[in-house]
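# What the coordinates show
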Amino acid sequence: MLRRFLKDREGASEVVGTALFLVILFFFFSNVFLWHDQVSSQMDQVVADRMNSGIRMDVTFNETDIWLVVDNVGGLDVSLSRLWIITDDAHLYADFGLDENFVGAGRQMNITIDNMTVPAGEEVQVSFVSDPIEVKYKPPVGDTVVFRVITKRANTAACSLTLQPPP
Amino acid sequence: MRKFRGNNRAISPVLGTVILVLIVVIGMSAVFSFFVGYVSDYQSGRGSAVMELLEIEDVFFDSDDTGSVDVWLYNYGEIEVELDSVFVNGWPVDFVFYPASARELGDFDGNGAVDILTFSHAKYRLSLVVDWDDEDAKPVHVLRFVTKRGTIVEREYFTPGV
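Residues numbered from 1 in each chain as written. Chains lettered and ligands numbered in written order. Predicted model: local features only at pLDDT ≥ 70, side-chain atom pairs only at ≥ 80, totals over all residues.

## Quick word on the overall build of chain B
Helices and strands together make up the secondary structure of chain B, namely 2 helices and 10 strands. If you list the helices and strands of chain B from N to C, you get α-α-β-β-β-β-β-β-β-β-β-β. Classification of the 162 residues of chain B by burial places 22% in the buried group. A separation threshold of at least 6 residues defines the contact pool for chain B, and within that pool the share at least 24 residues apart is 63%. (Helix = DSSP H or I, 4+ residues; strand = E, 2+ residues; numbered from the N terminus. Buried ≥ 20, exposed ≤ 12 C-beta atoms within 10 Å, placed from the backbone. Contact = placed C-beta atoms within 7 Å.)

What follows is the structure, given as structure tokens:
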């Protein structure tokens, strides 16, 4: 039975042709599979990094100064991207730049709200020359201001401040 | 030599083989170039959707203009993003891009629409179907952004005063 099967050459070309076709098809599509697998792994890493780089923000103030304290509570370094200053009437922002403001894992960054300067337009100026960094904004008295910071990996943290009028 | 040239036998099998090889080579080249183009389109198009990461970083309901909403998007993915359509509470709405709101802009596919580059912020103004302070307006606005590659980002936002 087996000998007869091996001797019979009829239909061999179809079998060889189909095998070659499948090999060529596999060669073509394996490139796409490999690329997709690589990209998926890369993006999994991005998402994992985001989950492992959480931040927290608090506001502290006394009679003369206001500070924002950004805590890196994750295991990775964090780069701040933008600070939002939100009131009922306006949504302002201060850009930190892309690679200028790292907060190391477990560390914190202080941002001073320079309440002597009134912002113009949507973008608030940030001064990087001083330490801590100064954001040129004057919070309105009596209204609640929400500060929200967004990192390069799109993690956010927020806190609010309501300055009471002097008695 | 003269005998070789004078002998016309077996011309047709040789010619047939040459033509067959030619057809196979041309056919496979066509298939290969089609496949390369297909893969290239897939990789730069829908296949790259997995590399898109978009965040709605802020939404502003301006009381001076209740017929629209300002939205800031942040691209933190590995590839530039182009918006295809925006929906508010399920309704498709018109949207306008603010050129000054992004640090870096580009038009990679040359179709005239703006691509938001990676780690770039961009502001859009959405025109609402119903004013957000209208009596018929819902207190919660569901914003849905759809990119050209098919990525969907959806969030809910309360209107002011709710």
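## Remarks on the domain arrangement of chain A
Structurally, chain A comprises domain 1 (2-50) and domain 2 (55-162). Taking only C-alpha atoms into account, the centre of domain 1 of chain A sits 53 Å from that of domain 2 of chain A. (Domains from an automatic or database assignment.)

## Considering the nonpolar core
Judged by nonpolar contacts, the single largest core of 46 residues is most densely connected at A:Val70, A:Leu83, A:Ile85, A:Val135 and B:Leu73. Apart from residues no more than four positions distant in its own chain, A:Val70 is found in contact with A:Ile55, A:Met57, A:Leu80, A:Val103, A:Gln108, A:Met109, A:Ile111 and A:Val149. (Core = buried A, V, L, I, M, F, W, Y, C linked by C-beta atoms within 7 Å.)

## A few points about the interface of chain A and chain B
Between chain A and chain B, the residue contacts involve 19 residues of the former and 18 residues of the latter. Ranked by the residues each element gives to the side of chain A that touches chain B, the list is headed by helix α2 (residues 12-51) of chain A, at 10 residues. Its residues assigned to classes, the side of chain A that touches chain B comprises 10 nonpolar, 5 polar and 4 charged. (Nonpolar A, V, L, I, M, F, W, Y, C, P; charged D, E, K, R; others polar.)

## Considerations on the sheet that holds strand β3 (residues 83-88) of chain B
All names here are of chain B. Pairing is antiparallel in the open sheet, where 4 strands are placed in the order β4-β3-β9-β10. The strands lining the two open edges of the sheet, one partner per strand, are β4 (91-93) and β10 (152-158). When the angles between neighbouring strand axes are averaged without regard to direction, this sheet yields 30°. (Pairing = 2+ DSSP bridges. Axes fitted to C-alpha atoms, helices over the stretch in contact; angles between N-to-C directions.)

## Considering the environment of B:Val129
All names here are of chain B. Structurally, the position occupied by Val-129 is in the loop between β8 (120-127) and β9 (140-147). C-beta crowding within 10 Å serves as the criterion here: with 14 such atoms nearby, Val-129 is assigned to the partly exposed category. Expressed as a C-alpha distance, the spacing of Val-129 and Val-93, which sit 36 residues apart in the sequence, is 7.0 Å. Those residues within four positions of Val-129 in sequence are excluded, and the remaining contacts are Trp-91 and Val-93.

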